[in-house]
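Chains, contacts and geometry: an overview
Below, each chain spelled out in residue letters.
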Amino acid sequence: MKEKIAQIEQLLVTELAGCENLQALDALRVKVLGKKGELTALLRGMGQLSPEERPAAGQMINEAREKFTGLLEEKQALLKKQEQEAALKRETIDVTQPAAMPKAGSVHPMTLVLNEVVDCFTGMGFEVVEGPEVELDHYNFELMNIPKNHPARDAQDTFYVDDNIVLRTHTSPVQARTMLTRKPPIRVICPGRVYRADEMDATHSPVFHQMEGLVIDKDVTMADLRGTLNAFAERLYGKGITTRFRPSFFPFTEPSAEVDLTCVNCHGKGCRVCKGTGWIEVLGCGMVNPHVLEMCGIDPNEYSGFAFGIGIERITMQRYGIPDLRLLFEGDVRFLGQFR
Ligand code: PHE
């Protein structure tokens, strides 16, 4: 019996040394201690021993089982530790290696400026409204007091979809849409795309952006208009930037003005950007024509108002020193990537 146990121990020790992973170790455990294992076979064979021999043999087998189990557990702990160390090594990350940077997009300069301009006005209590780019002639022209024979209606200037539908030539039709659906006091801005049948060059594009403003209330005067636009100029460009009003004409405002801002480049001294004048033209405005108020259901004896239309491209080009309007529409990532 002793001999047999020693043999099994010998076998176990040799095979343990050759065990390289936990699966192999488990197989070895089954082979020695399992139901059909070598030591279990010895236990089964005890029936052939005499009753006197049995207790001693049984004790030997039990001791051997304990010893073997100990050996197996020791090896198991060792293998587990090794596997863990190997895993740690495998999964090591070199944190000093440069990371692969995902390509990030950037916000279009027109959007940057538009957001700023909108912020200036929402800060003064204006609300943003929208209108359709494909617009009825009725809103784009008729309600804006632009008569049938007006040159702006010429097909050379306007994209006609059909006799009654145009691509809006300005954001002013949103004035009419707003007055027809809201009651004064009204204080809205409407940024958006507008279309004119222009050639494309450094300063012209068949599609560009405007932002309309409209205020209707009791006792609104031209002084309110001037104050609002001065506040806008200062908020956008900082102290010292102000407006200059030049008399002008629009069918939907009376009186009307074209408005220049102090040239941001030279602060009014005169430079190349402002062609020596010290001023940059950025918008048209005026007091809403009483006839327009009337057509849009607002009593001109009770209410008055002002409106303005700002060209966003001008401001963007000036803001970032962009020399050619086409850069804003071409979508060249080398250009756009500069605005991060
Ligand atoms: N709609 C005018 C244009 O496109 C601008 C404007 C808006 C003028 C509102 C006066 C009042 O040129």
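Our structure's up above, just so we're on the same page.
Everything numeric in this text was worked out from a predicted model, so none of it was measured.

Basis of the calculations
Residues numbered from 1 in each chain as written. Predicted model: local features only at pLDDT ≥ 70, side-chain atom pairs only at ≥ 80, totals over all residues. Heavy atoms only, no water. Near = heavy atom within 4 Å. Polar contact = N/O pair within 3.5 Å; in protein donor to acceptor, adjacent residues only side chain to side chain. Areas by Shrake-Rupley, 256 points an atom, 1.4 Å probe, with all protein chains shown as cover. Helix = DSSP H or I, 4+ residues; strand = E, 2+ residues; numbered from the N terminus. Nonpolar A, V, L, I, M, F, W, Y, C, P; charged D, E, K, R; others polar. 1 Å grid on protein atoms, 1.4 Å probe; cavity = no way out; pocket = protein on both sides within 12 Å on 5 of 7 lines; lining within 4 Å. Points joined across faces, edges and corners; volume = space filled by probe spheres on them. Buried < 20%, exposed > 50% of the residue type's maximum accessible area, 1.4 Å probe, protein only. Expected span 1.5 Å × (residues − 1). Contact = heavy atoms within 4.5 Å. Pairing = 2+ DSSP bridges. Axes fitted to C-alpha atoms, helices over the stretch in contact; angles between N-to-C directions.

Concerning the site of the ligand
- Every one of the 14 residues lining the ligand counts as a neighbour, but His170, Ser172, Arg196, Gln210 and Glu212 are closest to it.
- Contacts to the ligand include serine 172, whose side-chain N or O atom sits 2.9 Å from a nitrogen atom.
- Here an oxygen atom of the ligand and a side-chain polar atom of arginine 196 are 2.9 Å apart.
- Expressed as a share of its isolated accessible area of 320 Å², the protein-covered part of the ligand is 90%.
- For the shell around the ligand, the secondary structure elements donating two or more residues are strand E6 (207-217), strand E9 (279-288) and strand E10 (304-311).
- Looking at side-chain class alone, the shell around the ligand contains 5 nonpolar, 7 polar and 2 charged residues.

Quick notes on empty space enclosed by the protein
- This model, assessed by the stated rule, comprises 1 cavity of 30 Å³ or more.
- Of the pockets and cavities examined, the largest cavity occupies roughly 40 Å³.
- What lines the largest cavity is simply Val129, Val174, Gln175, Thr178, Val188, Ile189, Cys190, Glu212, Gly213 and Leu214.
- Residue assignment for the lining of the largest cavity shows that the elements contributing at least two residues are helix H7 (173-181), strand E5 (186-195) and E6.
- The residue makeup of the lining of the largest cavity, split by class, is 6 nonpolar, 3 polar and 1 charged.

Describing unusual backbone geometry
- Here the residue pair proline 184 and proline 185 is connected by a cis peptide bond, since its omega of 0° sits within 30 degrees of zero.
- Along the chain, the position of proline 185 falls in the loop between H7 and E5.
- With omega at -5°, the peptide bond leading from glutamate 254 into proline 255 counts as cis.
- Positive phi outside glycine occurs at histidine 267, with the angle close to 55°.
- Mapped onto the secondary structure, histidine 267 falls in the loop between strand E8 (253-262) and E9.
- The exposure class of histidine 267 is partly exposed, given its relative accessible area of 47%.
- Not every positive phi belongs to a glycine, and lysine 275 is a case in point at roughly 55°.
- Among the secondary structure elements, lysine 275 is positioned in the loop between E8 and E9.
- The class for lysine 275 is exposed, based on a relative accessible area of 74%.

A few points about helix H4 (residues 54-90)
- Between its terminal C-alpha atoms H4 stretches 53 Å, which fits the 54 Å expected from 37 residues at 1.5 Å a residue.
- On the buried face of H4, the contacting elements are helix H1 (2-18), helix H2 (22-33) and helix H3 (38-45).

Digging into the sheet that holds strand E4 (residues 165-167)
- On the basis of which strands lie adjacent, the open sheet formed by 3 strands has the order E2-E4-E3 and antiparallel pairing. Sheet topology places strand E2 (134-136) and strand E3 (160-162) at the edges, where each strand pairs with a single neighbour. Pairs of neighbouring strands in the sheet enclose a mean axial angle of 35°, with direction left out of account.
- Looking at chain direction, E2 and E4 are connected through 3 bridges and run antiparallel. By the bridge assignment, leucine 136 is partnered in E4 with isoleucine 165.

Observations concerning the pairing of E10
- With respect to burial, E10 is a largely interior element, 6 of its 8 residues being buried.
- Pairing analysis gives 8 bridges linking E6 to E10, with the strands arranged antiparallel. What sits directly across from methionine 211, in E10, is isoleucine 310.
- In this sheet, E10 lies alongside E9 in antiparallel orientation, the contact comprising 5 bridges. Within E10, the residue paired with methionine 287 across the bridge is phenylalanine 306.

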